[in-house]
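Each chain is listed here by its residues.
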Amino acid sequence: MLKNYLTSIWRNFSRNRAFTLINISGLVIGMTSCMLIGQYVIHELSYDKFWGNADRIFRIQLDRYDKGELSTRWAAGAMGIGPDLKANFPEVKYYVRLTKSNAQLSFGDTYFKEEGVYYASKDFFRVFGYPLLQGVDSTALKAPNAMVISTSMARKYFGEVDPIGKTMRNNGNTDYLITGVFEDLPENSHVKVTALLSFATYATLLKRDEAQLTDWLWDGFLTYVLLDDHASAGALEAKLPAFVEKRAGEELKQYNAGMTFHLQPISDIHLDSNFIEEFEVNGDRSTVYFLGIVAILILIIAWINYINLSTAKSIERAREVGVRKVMGGFRQQLIQQFLFESLLLNLLAVGLAIGLVMLLMPWFSTLTGKDFGYSLFRTTTFWGWSLGLIAAGAILSGMYPALVLSSYRPVEVLKGRFKNTGQGVWFRKGMVVLQFVASITLVVGTFTVYQQMDYMRSQKLGVIIDQVVVLRAPNVVDSTYLGKYEGFKQRILQHSEVGSVCASTEVPGGPGYNAGGIRTLRQGDNESNQYRVIHMDHDFIPSYQLEMVAGRPFSGEVSNEGSSVLLNESAVRLMGFSKPEDAINEQIFFWGDTLRIVGVLKNYRQESLKKAYDPLLFRYDKAPKNFYSVRFNTANSQESMVKFEQDWKEFFPGNPFDYFFLDDQYNSQYKADQQFGEVFTMFSFLAIFIACLGLFGLSSLTAIQRTKEIGVRKVMGASVSSILILVGRDYVVLVLTAILFAVPAAWWVMNGWLEEFANRISLNWILFVLPSALVVLIALITVSFHTIRAARTNPVTSLRYE
């Protein structure tokens, strides 16, 4: 029987090569798209599930309130919450707190600025259940001046030499003994650390004992807890409001402030968390789910193609079914045959799709910014899903055609009556409408994403970021730093291509640091607020061409300028002034200092347009130590950078020359959205292509089945255009019907996506009309190909058909 099935399938494929190719092409493209997107979705959903204690690890996230309103949401919250939870709640087995080190590590003559260096308390490896390759988990970070490094950092500084027992120096003044080595954390970890310094060292640098670091008003500390096996995170979180009231209630009332702690499951952080001082910019769950839906839609469109083409082709196979039934074939056997045919086609499509995925994986990794490699093919999950894809494809795409084909009555078929029945027509039309609803929705989404990206790129920032290179300030400095900075600045300014040099603690694209408890002297403690603070020298404002709306900018000629501050317009409003001029010469209280407002800056985009204007406060500093901004003519940028590096080495020896171009850094804030737009666009047009493949096949069958009718109409004097309208209008009606369903669906989906942006476009009619018109045009071109060919055929040949 199997041999008969295979023979029949081979004959069918051979006789209908074009339709077999269309079916396979649609399935291969659909399955390849599904596998590529599936790789991305699986990767994003897999974050932080590899930790040994993943189901019991929670991060303590902090919300702060001013006057009853939510003001800031912290990933890295209060310093003292970890030890207080451990001391007061038996549900907490271990805790770890981390805070970032602005690190420049060195060993001998090898030195680098390092981003992933954090101070961590002693139970880091107990909390995360991540074993050390060398060293003892429980003691490696216990002592002051202890350090644990990753394998990649060990190779970077020590090559093949064992690093245990070696000493590294941080920022040129603190030595650390290496007590452990851990395997590099995988790509799907939201925790991005390359080295850990003992928290006891941090306490020593503050000249305090570690046990004394229990402040609840000092933020910037990531805290993770490992709960007991039988503890409930929800029950523990429910106890925290009463604990906050007991521990800090009176102090918070004094400032009319509030705070709420939440337990975040570690596996949810990557997709559901975008708070202050995350390890890195996290993903977005709605985007991941959205792309997952796109993958499923593309696959469904491909399966619908198979169903439509198989049922539309059924007339040509009706005689085969009739003969088989007359010869004694049972309906069950016919269903098995057609399902087996579908299984083989899906099996072939999955095999070809896997080959294409392997071929396209490097390109897809670059497109998404994720280093997938080929690890997917080494997992049982992938092969399980592949088998499921084959089985689902065979059943979903093969069952309906099998039932239709096997239901034909042999008497009607052999007498030639079946040809004129309308079985399956409405089903096929419904499937075509469904395909184009999905396709049009995706294309509208593509237009919307690109319009939003273009809108953000075209908006005026209020700050000039072009032709600026930012040098990371030296970490290893001494008492002569101010003089060296002035000397370096004057040397750089001597180069003819350089227009200005300034120093600051932050540059456009970065948030600045948060400072609370700031108020005017007229206000009480309960009227204080939080602001983003940036320290700058007097050249920062002219260098970035910021606009003053009241008062004056900072000046290097004023002797007590350190007691002066500037605000932006948002900060003026938050401080209670009705207009910028009212703020000038008012005094404010800032962490024990009394400062005077001397000027107000026009709001500018310190961060991306996805966010509203933050209230910014600027303090004066002759030589801030984070960033030096050099504005220069970039016509010969490589030559200029060589000169800048030579000057750097002269003034700041022992410090790496580390820099970035500001426009690239600023635009990286939109990188995730741009990647989403590119991925979304590509797969949206693939969906249309697959839908049009099916339309191409259906229109071909229509032309074949109406060959004699077209011949008669031509003999009666019908023109090619009238025949084209006759045949094409049915498909246009289907696409227009799809548009009626797709437009509201697309509006609902994309309006939800745009709500994530503080500055966004409006969903105007053009975003729906242009994609719809494009799809109609593509559908007409697709249908016209076969119709025009049939209409131009000699009517004598057409009337001889059959």
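All figures in this text were calculated on a predicted structure; none of them were measured in a lab.

Conventions used here
Residues numbered from 1 in each chain as written. Predicted model: local features only at pLDDT ≥ 70, side-chain atom pairs only at ≥ 80, totals over all residues. Heavy atoms only, no water. Helix = DSSP H or I, 4+ residues; strand = E, 2+ residues; numbered from the N terminus. Contact = heavy atoms within 4.5 Å. Areas by Shrake-Rupley, 256 points an atom, 1.4 Å probe, with all protein chains shown as cover. Core = buried A, V, L, I, M, F, W, Y, C linked by side-chain atoms within 4.5 Å. Buried < 20%, exposed > 50% of the residue type's maximum accessible area, 1.4 Å probe, protein only. Salt bridge = Lys/Arg side-chain N within 4 Å of Asp/Glu carboxyl O. Pairing = 2+ DSSP bridges. Phe/Tyr/Trp six-rings, centres within 6.5 Å; stacked < 30°, edge-to-face > 60°. pLDDT = per-residue confidence, 0-100. Polar contact = N/O pair within 3.5 Å; in protein donor to acceptor, adjacent residues only side chain to side chain.

Next up on the list: the overall build of the protein chain. Each helix and strand in the protein chain was counted, giving 25 helices and 25 strands. Sequence-distant contacts in the protein chain: of pairs separated by 6 or more residues, those separated by 24 or more amount to 80%. Looking at the protein chain as shown, the accessible area adds up to about 36100 Å², and 57% of this sits on carbon and sulfur atoms.

Grouped together as the largest cluster of nonpolar side chains are 110 residues, with contacts concentrated most on Phe436, Tyr544 and Phe618. It is helix H2 (residues 17-45) that provides the largest number of residues to this core, a total of 13 residues. For Tyr544, the residues in contact, after removing those within four places along its chain, are Val463, Ile464, Val468, Val470, Cys502, Val507, Pro508, Ser629, Arg631 and Leu662. Counting residues in each nonpolar core, the second largest holds 30 residues, with Ala75, Val127, Val193 and Leu226 among its members.

On to the environment of Met153. Its location among the elements puts Met153 in helix H5 (residues 151-158). On the basis of relative accessibility, which here comes to 3%, the residue Met153 falls in the buried class. Spatially, the C-alpha atom of Met153 lies 6.7 Å from that of Thr194, the residues being 41 residues apart in sequence. Contact partners of Met153, with chain neighbours within four places excluded, come to Leu105, Glu114, Thr194 and Ala195.

The final tally for this structure, using the stated rule, is 31 salt bridges. The salt bridge involving Glu91 is made with Lys239; its shortest N-O contact spans 2.6 Å. Taken together, the positions of Glu91 in the loop between helix H3 (81-88) and strand E4 (92-100) and Lys239 in helix H7 (residues 233-254) put the pair 148 residues apart, joining distant regions of the chain. With a closest N to O distance of 3.3 Å, Asp673 and Lys610 form a salt bridge. Taken together, the residues Asp673 in helix H21 (residues 671-705) and Lys610 in the loop between strand E22 (593-601) and strand E23 (616-620) connect sequence positions 63 residues apart. Residue Asp673 is classed as buried on the basis of its relative accessible area, which comes to 8%. Owing to a relative accessible area of 26%, Lys610 belongs among the partly exposed residues under this scheme. Taken together, the shared-partner salt bridges connect Arg532, Glu607, Lys611 and Asp614 into one network.

Of all nine residues in strand E13 (residues 219-227), nine are buried, a share of seventy percent or more. Of the pairings in the sheet, the one linking strand E1 (residues 57-66) to E13 comprises three bridges and is antiparallel in character. Paired with Arg59 across the two strands is Tyr224, which belongs to E13. Bridging between strand E3 (residues 77-78) and E13 involves two bridges; their strand directions are antiparallel. Each bridged residue has a counterpart across the sheet, and for Gly77 the counterpart in E13 is Phe221. Bridging between E4 and E13 involves six bridges; their strand directions are antiparallel. Bridge pairing links Leu98 to Leu222 in E13.

The geometry of an aromatic ring pair is captured by two quantities: the separation of the ring centres and the angle between the planes. The full count for this structure, using the stated rule, is 46 aromatic pairs. A centroid spacing of 6.2 Å and a plane angle of 75 degrees characterise the contact between Phe627 and Phe660, whose relative ring orientation is edge-to-face. Placement of Phe627 in strand E24 (residues 627-632) and of Phe660 in strand E25 (residues 659-661) is noted, with a sequence separation of 33 residues between them. Here the two residues Phe627 and Phe660 agree in accessibility, since each one is buried. Note on Trp648 and Phe652: the rings are 4.9 Å apart at their centroids and 55 degrees apart in plane angle, and the pair reads as tilted.

Detailed reading of predicted coordinates is not advised where the pLDDT is low. Per-residue pLDDT for the protein chain averages 85, and the proportion of residues at 70 or more is 87%. Every residue in residues 416-421 is under pLDDT 50, and counting partners more than four places away or in other chains gives nine contacts.

What follows deals with the side chain of Gln530. Turning to its location among the elements, Gln530 is positioned in strand E18 (residues 529-536). A relative accessible area of 15% places Gln530 in the buried class. A distance of 3.3 Å separates a polar atom in the side chain of Gln530 from a polar atom in the side chain of Thr72. Not counting chain neighbours up to four residues away, the residues in contact with Gln530 comprise Arg64, Asp66, Ser71, Thr72, Trp74, Asn514, Ala515, Gly516, Leu574 and Pro615.

Turning to unusual backbone geometry, a few remarks are in order. Despite not being glycine, Asp48 has its phi angle at roughly 65 degrees, a positive value. As for its placement among the helices and strands, Asp48 is situated in the loop between H2 and E1. The phi dihedral of Gln545 falls on the positive side, at around 55 degrees, and the residue is not glycine.

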